[in-house]
Amino acid sequence: MRTSIATVCLSGTLEEKMQAAALAGFDGIEVFEQDLVVSPSSPEDLRGLAAELGLSLDMYQPFRDGVEVAPEDFPDSLRRLRAKFELMKRLGTPVLLMCSNVATAALNDDQAIADQLRQAGDMAAEYGIKLAYEALAWGKNVNDWRRAHHIVELADHPAVGTCLDSFHILSRGDTVDGVESLDPEKLFFVQLADAPLLKQDILSWSRHHRVFPGEGDFDLVDVLTRLHECGYAGPVSLEIFNDAFRQADVHRTAVDGLRSLRWLEDQTADAVRAAGEDPAREPLVLVDLPDPQPPRAWDFVELRTSKLGQTTRLLHQLGFELAGHHRSKDTVQAWTQGPVRMVIAEDLEASLEQPTRLAALGFQVDSPDDAAHRASRLLAPVVSRTQQPDETVLHGVVAPDATEIFFGPHTDSGVPPWLEEFGADPAEATSESLITGVDHVNLAQPWQHYDEAVLFLTSLLDLHAQPAQEVAGPSGLVRSQVMRSADETVRIPLNVAPTAAEQGAYTGAAYPEHVALACTDIVAVARRARRRGLTFLPVPENYYEDLVARFDLAPDVVAELREHGLLYDRDEHGEFLHFYTATLGEVFVEVVERRGGYRGFGAPNAPVRLAAQYRTWEEAAGTI
Ligand SMILES: O=C(O)c1ccc(O)c(O)c1
Ligand SMILES: [Mg+2]
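Residues numbered from 1 in each chain as written. Chains lettered and ligands numbered in written order. Predicted model: local features only at pLDDT ≥ 70, side-chain atom pairs only at ≥ 80, totals over all residues. Heavy atoms only, no water.

The chain is annotated in an unreviewed UniProt entry as 3-dehydroshikimate dehydratase of Kocuria atrinae. The UniProt entry for the chain carries this comment under Function (unreviewed entry): "Catalyzes the conversion of 3-dehydroshikimate to protocatechuate (3,4-dihydroxybenzoate), a common intermediate of quinate and shikimate degradation pathways." As recorded by UniProt, the Catalytic activity (unreviewed entry) comment attached to the chain reads in full: "3-dehydroshikimate = 3,4-dihydroxybenzoate + H2O". (UniProt positions renumbered as here; feature names shortened; annotations may be inferred.)

Rendered as structure tokens:
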């Protein structure tokens, strides 16, 4: 599958966009007119740069309001077109995108529009250029792809074909049914864009909220499956108008984009195979990724800290025991409790303000090698860690929020081989404990990399995004979306904190992450923790009074919750009891007990937590 990306997706200068597209591994680009007009480089220079970078310049776009115009205005369209064809000849771009008319449409007759397209095609042919007619969803008269394609067929000119753009089709609630039986000779170009389902006018939705495939709600596997069946031979190009991408680092956006196409290609190959067809059939050859390796178990959670004593005391208060010091790494120790392993890395260079943070998550998978190979095809940056020859090789990649993700081997006992490097006795490692596992790990995401993070976790870890929720805190709304593995072994709620909070001592940058530990007797865990001096996050009395009103709990139940500082929630499947520790640097711990089949994460209690954390910060900062 030939891949391409429109320069409008990327930030920076045209030259930077080209460099980034080439470095990420795209085969070509669509040159957006505005990017060229503002560039000091001549078309010949740009053509030379593209050749040097090994990029093809697949399309020049957009040409607006060129057809469907009143007959007296058409000569001016042809004049403008000739200027573009002259430019494209110098640039070496073979296709011009002709958008359906949004402003000056005067014709609404298919045959009359086809006549104009045919004349434009005659001129294009003089230059050896092709015209790809695209129905914009907000086109005045032509706004659906079927009609645009019908007009292309009526034009019946070898230089006139169709451009399909998934956004314009799916945003209108239309389908791609029938694309599979189009004449591939008449399909000149394909643009793919995903988008979240929003209730908003289509133009603003398109110009601000498009995202890469897999980051929104459209079924692009269906689109690509039909293109494969059709025999489409051109590039599959990303055309994403997105406010965040325009501000983000150009290299990471380009990588995110190519990752989305490789993932979509893999998904489509599976769908094509399931339908009894051959994904490798020419011309749209779909290449698979190595099979996904869904996490079979949590391997470890790693905290990095410059306050070793404070951090290990917290672990002790929660019932963890030191499994040992790493035999070759001076600064690394492992703490375990039942099946939970916490790796603590001392980092004296960690910032003084945020001395402790969640640094890495380890997952056990069936084939760590395949997981690493898949990650590499998905362009995940690799973590490099020093390793002795006799130590377990853990493949690590860096997630968009800078959390390191490691793939370790899954063993029958669940005890990972690397634990021996800490001198731990595997038999002790599985002994009975109050803490029974990692319930979930909550990661804070910068808003501008949120979609990238969802795609990263979906494509690398085979996690699935659940519907998003919003939680109110004193500094703003926190968006929360759970990513989970199919069997729920791994649950990662992602939070987007309010950016640049203008009030309060905490800012978006310091929004804390947390590790939630599962147990079957939360009162026993809380009691032990209190005896060992744990600082709990305080829960206000008002909360308990409200609980009684909401759930009609028996007085002794509420008294027990209050005594141990526990929070409570209930759904149709069961109950949820939990407590939070005070925050260390950027991380805190939650302990949860699920009774029955409770499926949530205590979201109704999140505002209580946010408010208590806010007060704690304010008190520490001396502002209240
Ligand atoms: O929003 C636009 O104007 C616009 C331009 C060119 C395209 O290919 C497109 O899909 C949208
Ligand atoms: Mg388009």
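Counting secondary structure elements, the chain contains 18 helices and 24 strands. The C-alpha atoms of the chain give 28 Å as radius of gyration, which agrees with the globular expectation for 624 residues (25 Å, within 12%). For the chain, the C-alpha atoms occupy an extent of roughly 90 × 60 × 50 Å along the three principal directions. With 624 residues in all, the chain has 57% of them scored as buried. Summarising the internal contacts of the chain: among those between residues at least 6 apart in sequence, 74% fall at separations of at least 24. For the chain, the exposed area adds up to about 25100 Å²; of that, 49% sits on carbon and sulfur atoms. Of note, the chain has its 54 positive side-chain charges centred 2 Å away from the centre of its 97 negative side-chain charges. (Helix = DSSP H or I, 4+ residues; strand = E, 2+ residues; numbered from the N terminus. Rg over C-alpha atoms; globule rule 2.2 N^0.38 Å. Buried < 20%, exposed > 50% of the residue type's maximum accessible area, 1.4 Å probe, protein only. Contact = heavy atoms within 4.5 Å. Areas by Shrake-Rupley, 256 points an atom, 1.4 Å probe, with all protein chains shown as cover. Lys, Arg positive; Asp, Glu negative; His and termini not counted. Charge placed at Lys NZ, Arg CZ, Asp CG, Glu CD.)

When the UniProt feature table is mapped onto this chain, "binding site: a divalent metal cation" (unreviewed entry) is found at Glu134, Asp165, Gln191 and Glu239. For this annotated set, covering 106 residues, all C-alpha atoms fall within 12.8 Å of each other, a compact arrangement in space. Turning to its location among the elements, Asp165 is positioned in strand β6 (residues 160-165). When neighbours within four sequence positions are excluded, Asp165 is seen to be in contact with Glu134, Gln191, Arg210 and Glu239. At 2.8 Å, the side chain of Asp165 and the backbone nitrogen of Phe167 are in polar contact. Of note, Gln191 is situated in strand β7 (residues 187-192). (Polar contact = N/O pair within 3.5 Å; in protein donor to acceptor, adjacent residues only side chain to side chain.)

The next subject is the packing of aromatic side chains. Inspection of the entire model under this criterion finds 15 aromatic pairs. Here Phe536 and Phe579 contribute two aromatic rings whose centre-to-centre distance is 4.9 Å and whose plane-to-plane angle is 45°, an arrangement assigned as tilted. Here Phe579 lies in strand β23 (residues 574-580) and Phe536 lies in the loop between α15 (522-531) and α16 (541-551), a separation of 43 residues in the sequence. Of the two residues examined, Phe536 and Phe579, each falls in the buried class. Residues Tyr543 and Tyr544 carry aromatic rings whose centres are separated by 5.3 Å and whose planes lie at 75° to one another, so their mutual orientation is edge-to-face. Accessibility expressed as a relative area gives 1% for Tyr544, which makes it buried. These aromatic residues form a ring-pair network of at least three members: Phe300, Phe406, Trp418 and Phe422. Stacked on the ring of Phe601, the Lys or Arg Arg594 has its end atom at 5.2 Å from the ring centre. Note that Arg609 overlies the ring of Tyr580, its terminal NZ or CZ placed 5.5 Å from the centroid. (Phe/Tyr/Trp six-rings, centres within 6.5 Å; stacked < 30°, edge-to-face > 60°. Lys NZ or Arg CZ within 6 Å of the ring centre and 35° of its normal.)

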